[in-house]
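# Inside the fold
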Amino acid sequence: MDNPIPPLYHRPMPPRLSWNWAAFVLGPVWYAARGLWVHATIMAGLYLLSGLVLLPFVHLYSGLKANEDALEFRIAARNYSPNP
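The structure contained in this document is the topic of the report that follows. Just so it is clear, the structure is predicted and the values come from calculations on it, not from any experiment.

Judged by nonpolar contacts, Ala23, Trp30, Tyr31, Leu36, Ala40, Met43, Tyr47, Val58, Ala66 and Ala70 together constitute the single largest core of 10 residues. For Tyr47, the residues in contact, after removing those within four places along its chain, are Pro28, Leu52, Leu55, Val58 and His59.

What follows is about helix H3 (residues 37-50). The end-to-end C-alpha distance of H3 is 20 Å, a good match for the 20 Å that 14 residues give at a rise of 1.5 Å each. What H3 keeps buried is the set Ala40, Met43, Tyr47 and Ser50. The buried residues of H3 occupy an angular sector of 120° when projected down its axis, which confines them to one face. Of the exposed residues in H3, those oriented more than 90 degrees away from the buried face are Trp37, Val38, Thr41, Ile42, Leu48 and Leu49.

Now for the packing of H3 against helix H4 (residues 55-79). Direction vectors running N to C along H3 and H4 enclose 170°, while the axes themselves pass 10 Å from each other. In terms of axis orientation, H3 runs roughly antiparallel to H4. Contacts from His39, Met43, Leu46 and Tyr47 of H3 reach H4 at Leu55, Val58, His59, Tyr61, Ser62 and Asp69. Partitioning the contact of H3 with H4 into residue classes produces six nonpolar, three polar and one charged.

The rules behind these values
Residues numbered from 1 in each chain as written. Predicted model: local features only at pLDDT ≥ 70, side-chain atom pairs only at ≥ 80, totals over all residues. Heavy atoms only, no water. Core = buried A, V, L, I, M, F, W, Y, C linked by side-chain atoms within 4.5 Å. Buried < 20%, exposed > 50% of the residue type's maximum accessible area, 1.4 Å probe, protein only. Contact = heavy atoms within 4.5 Å. Helix = DSSP H or I, 4+ residues; strand = E, 2+ residues; numbered from the N terminus. Expected span 1.5 Å × (residues − 1). Arc of directions from axis to C-beta. Axes fitted to C-alpha atoms, helices over the stretch in contact; angles between N-to-C directions. Parallel < 35°, antiparallel > 145°, perpendicular 65-115°, else oblique. Nonpolar A, V, L, I, M, F, W, Y, C, P; charged D, E, K, R; others polar.

Set out below in structure tokens:
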């Protein structure tokens, strides 16, 4: 007997916390280059407000979450409809 649920709903989730060397090295610049301005602005703000104390943490976050953030941005941009 065939599965009545279409395979669309059984796609595997994308991997979480994958490593991105370019994002790790560039930090907020990588996010800005990809068009993720909100992330880039928040990270740059953390740089400035902490006096570069949070620099290693921002770069670590960038390296670990960049691929996931970029994927979520692409999905949200694809699903956005300006006309209700």
